[in-house]
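Commentary on secondary and tertiary structure
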Amino acid sequence: MQTGRALGAVTLTILLGCGPAFAAASHFHGDRYAGLAKVSLDQARTVALKARPGVITDQELEKERGGTGLRYSFDVKAADGVYEVGVDARTAAVLENGKEGPNAD
């Protein structure tokens, strides 16, 4: 039965590697606001990628007008360009989902 266990471990490794596309989003800005958020970063990522499929290349938690005033902001690289997707950090509502202009933040 050793073969079965090894195969199970390989299958689990492959499945864990096939999650949503968070690839290049290595930095997170906004730790100082994390205690105010009711939605986790992982939950907000899932919402953002559902609204705009692609790869998250930047992420931030910031105070900004709209919604409850606290939002996660994601840069999502899609096939046709880079989009900014804003997710309310208290309600998980999508507040923004637009193509980045030439003067992106």
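Residues numbered from 1 in each chain as written. Predicted model: local features only at pLDDT ≥ 70, side-chain atom pairs only at ≥ 80, totals over all residues. Heavy atoms only, no water.

**Digging into the overall build of the protein**
When you go through the protein residue by residue, the secondary structure sums to 2 helices and 5 strands. From first element to last, N terminus to C terminus, the protein shows the α and β order α-β-α-β-β-β-β. When burial is assessed residue by residue, the protein has 29% of its 105 residues classed as buried. Across the protein, contacts joining residues at least 24 apart in sequence account for 45% of those joining residues at least 6 apart. Split by element, the accessible area of the protein, about 6,700 Å² in all, is 56% carbon and sulfur. (Helix = DSSP H or I, 4+ residues; strand = E, 2+ residues; numbered from the N terminus. Buried < 20%, exposed > 50% of the residue type's maximum accessible area, 1.4 Å probe, protein only. Contact = heavy atoms within 4.5 Å. Areas by Shrake-Rupley, 256 points an atom, 1.4 Å probe, with all protein chains shown as cover.)

**Notes on the environment of Y72**
For Y72, the position within the fold is in strand β3 (residues 70-78). Between the alpha carbons of Y72 and V39 there is a distance of 9.3 Å; along the sequence they are 33 residues apart. Looking at Y72, its side chain comes within polar contact range of the main-chain nitrogen of L41, at 3.4 Å. (Polar contact = N/O pair within 3.5 Å; in protein donor to acceptor, adjacent residues only side chain to side chain.)

**Notes on the packing of aromatic side chains**
What the rule picks out here adds up to 1 aromatic pair. Aromatic pair Y72 and F74: ring centres 6.1 Å apart, planes at 20 degrees, arrangement stacked. Each member of the pair, Y72 together with F74, is buried. Between R52 and the ring centre of Y83, over which it is positioned, the NZ or CZ distance is 3.8 Å. (Phe/Tyr/Trp six-rings, centres within 6.5 Å; stacked < 30°, edge-to-face > 60°. Lys NZ or Arg CZ within 6 Å of the ring centre and 35° of its normal.)

**Points about the environment of E96**
Considering the arrangement of structural elements, one finds E96 in strand β5 (residues 94-99). For E96, the residues in contact, after removing those within four places along its chain, are R71, E84, V85 and G86. Within the structure, E96 has its side chain in polar contact with the side chain of R71 (distance 3.1 Å).

**With respect to the confidence of the model for the protein**
Summarising the model, the protein shows a mean pLDDT of 79, and 70% of its residues fall at 70 or more. Here residues 1-26 is a poorly scored stretch, pLDDT under 50, and it has 18 contacts once near neighbours within four places are set aside; other chains count. (pLDDT = per-residue confidence, 0-100.)

**Description of the pattern of salt bridges**
If you walk through the whole model with that rule in mind, you get 3 salt bridges. The partner of E64 in a salt bridge is R71, with the nearest N and O atoms 3.7 Å apart. Accessibility expressed as a relative area gives 32% for E64, which makes it partly exposed. Among the residues examined, R71 registers a relative accessible area of 6% and is labelled buried. Its salt-bridge partner being R71, residue E96 comes within 3.1 Å of it at the nearest N-O pair. Linking E96 in strand β5 with R71 in strand β3, this pair joins segments that are 25 residues apart in sequence. Judged by its relative accessible area of 26%, E96 falls in the partly exposed class. If you follow the salt bridges from partner to partner, you end up with E64, R71 and E96 in one network. (Salt bridge = Lys/Arg side-chain N within 4 Å of Asp/Glu carboxyl O.)

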